[in-house]
Amino acid sequence: MVNFLTIITFPGEKSEEIGKLLPKLPKLPDFVKPPQIFTTISNDNGEVKAYGLYEVEDNKSHEGYVAIAKRMTGYFEAEGVKYKIEKLMSIKESLSLLGLG
């Protein structure tokens, strides 16, 4: 499995608007496991930060990344939304990049 982490931030006053966008977001394909979502208030300005952890079948990693990105851009209807997607690696994968695994 390939793991992707989404990090989305938005002004706290947009929370209700974000909530209303949820049912309108593009559906994820079957090969993308529904995400685990974690949220926090990220600074003194009341900005909300949400982390989403997605699992995608290895042979569908590119298609999964595209599907996740399309879903994230659905939040752009709310002003002030920013997001990024990071591919997570296991320790073994990371060490092999350094020639240690």
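About the thresholds
- Along each chain, residues carry numbers from 1 onward, in the same order as the chain's sequence is written.
- Given that this is a predicted model, residues contribute local features only at a pLDDT of at least 70 and side-chain atom pairs are listed and counted only at 80 or more, while totals for whole chains, interfaces and linings are drawn from all residues.
- As a rule here, side-chain values come from all non-hydrogen atoms in the structure, and water together with hydrogens is ignored.
- Here a salt bridge means any side-chain nitrogen of Lys or Arg lying within 4 Å of a carboxyl oxygen belonging to Asp or Glu.
- Labels follow the DSSP assignment, with helices taken as runs of H or I lasting at least four residues and strands as runs of E lasting at least two, numbered in each case from the N terminus.
- Only protein chains enter the accessibility calculation, which uses a 1.4 Å probe; a residue whose area is less than 20% of its type maximum is buried, one above 50% is exposed, and one in between is partly exposed.
- Ring geometry is summarised as follows: Phe, Tyr and Trp rings, the Trp one being its six-membered ring, pair when their centres sit within 6.5 Å, and such pairs are stacked at plane angles under 30 degrees, edge-to-face over 60 and tilted between the two.
- Two conditions define a charge sitting above a ring: the NZ of Lys or the CZ of Arg must be within 6 Å of the ring centre, and it must be within 35 degrees of the ring normal.
- Between any two strands, at least two bridges found by DSSP are needed for them to pair.
- Axis geometry follows a simple rule: fit a line to the C-alpha atoms, using only the stretch in contact for helices, then measure angles between N-to-C directions, giving values from 0 to 180 degrees.
- In what follows, residue pairs with any heavy atoms lying within 4.5 Å of each other are defined as contacts.
- For patches, a residue must show more than 30% relative accessible area and have no salt bridge; joins then use 9 Å for like charges and 5 Å for nonpolar side chains, namely Val, Leu, Ile, Met, Phe, Trp and Tyr.
- Only the protein chains shown count as covering a residue, and every accessible area follows the Shrake-Rupley method with a 1.4 Å probe.
- Scored between 0 and 100, pLDDT is the confidence that the predictor attaches to each residue.

Quick look at the pattern of salt bridges now. Enumeration according to the criterion identifies four salt bridges in this entry. Its salt-bridge partner being Glu55, residue Lys33 comes within 3.9 Å of it at the nearest N-O pair. With a gap of 22 residues between them, Lys33 in strand E2 (residues 32–41) and Glu55 in strand E3 (residues 47–56) connect regions that are remote in the sequence. Owing to a relative accessible area of 43%, Lys33 belongs among the partly exposed residues under this scheme. Ionic pairing is found between Lys84 and Glu86, a salt bridge with its closest N-O pair at 3.3 Å. Looking at Glu86, the relative accessible area reads 30%, which means it is partly exposed.

Counted according to the given criterion, the structure contains two aromatic pairs. Aromatic pair Phe76 and Tyr83: ring centres 5.7 Å apart, planes at 40°, arrangement tilted. Classification of Tyr83 by relative accessible area gives partly exposed; the value is 26%. Positioned above the aromatic ring of Phe31 is the side chain of Lys60, whose terminal nitrogen or guanidinium carbon lies 5.3 Å from the ring centre.

A word on the sheet that holds strand E4 (residues 82–88). Taken in spatial order, the four strands make up an open sheet running E2-E3-E1-E4, and their pairing is antiparallel. Of all the strands in the sheet, the pair left with one neighbour each is E2 and E4. Across the sheet, the mean angle from the axis of one strand to that of its neighbour is 20°, orientation sign disregarded.

Here we take up the side chain of Thr9. Its place among the elements puts Thr9 in strand E1 (residues 2–11). What Thr9 contacts, discounting residues up to four positions off in sequence, is Glu47, Val48, Lys49, Gly80, Val81 and Lys82.

Attention now goes to a nonpolar patch on the surface. A surface patch of nonpolar side chains, amounting to about 670 Å² of accessible area, comprises Met89, Ile91, Leu95, Leu97, Leu98 and Leu100. Mapped onto the elements, Ile91 comes out in helix H3 (residues 91–97). On the basis of relative accessible area, Ile91 is assigned to the exposed category, the value being 65%.

This paragraph deals with the confidence of the model for the chain. This prediction gives the chain a mean pLDDT of 92; 98% of its residues lie at or above 70. Mean pLDDT across the elements of the chain bottoms out in H3 (83) and peaks in helix H2 (residues 61–73) (97).

Before going further, it helps to examine the pairing of E3. Summarising the sheet, E1 and E3 pair through 10 bridges and their orientation is antiparallel. Each residue of the ladder has a partner; that of Thr9, found in E3, is Lys49. As paired elements, E2 and E3 share eight bridges and run antiparallel to each other. Bridging from a neighbouring strand, Lys33 pairs with Glu55 of E3.

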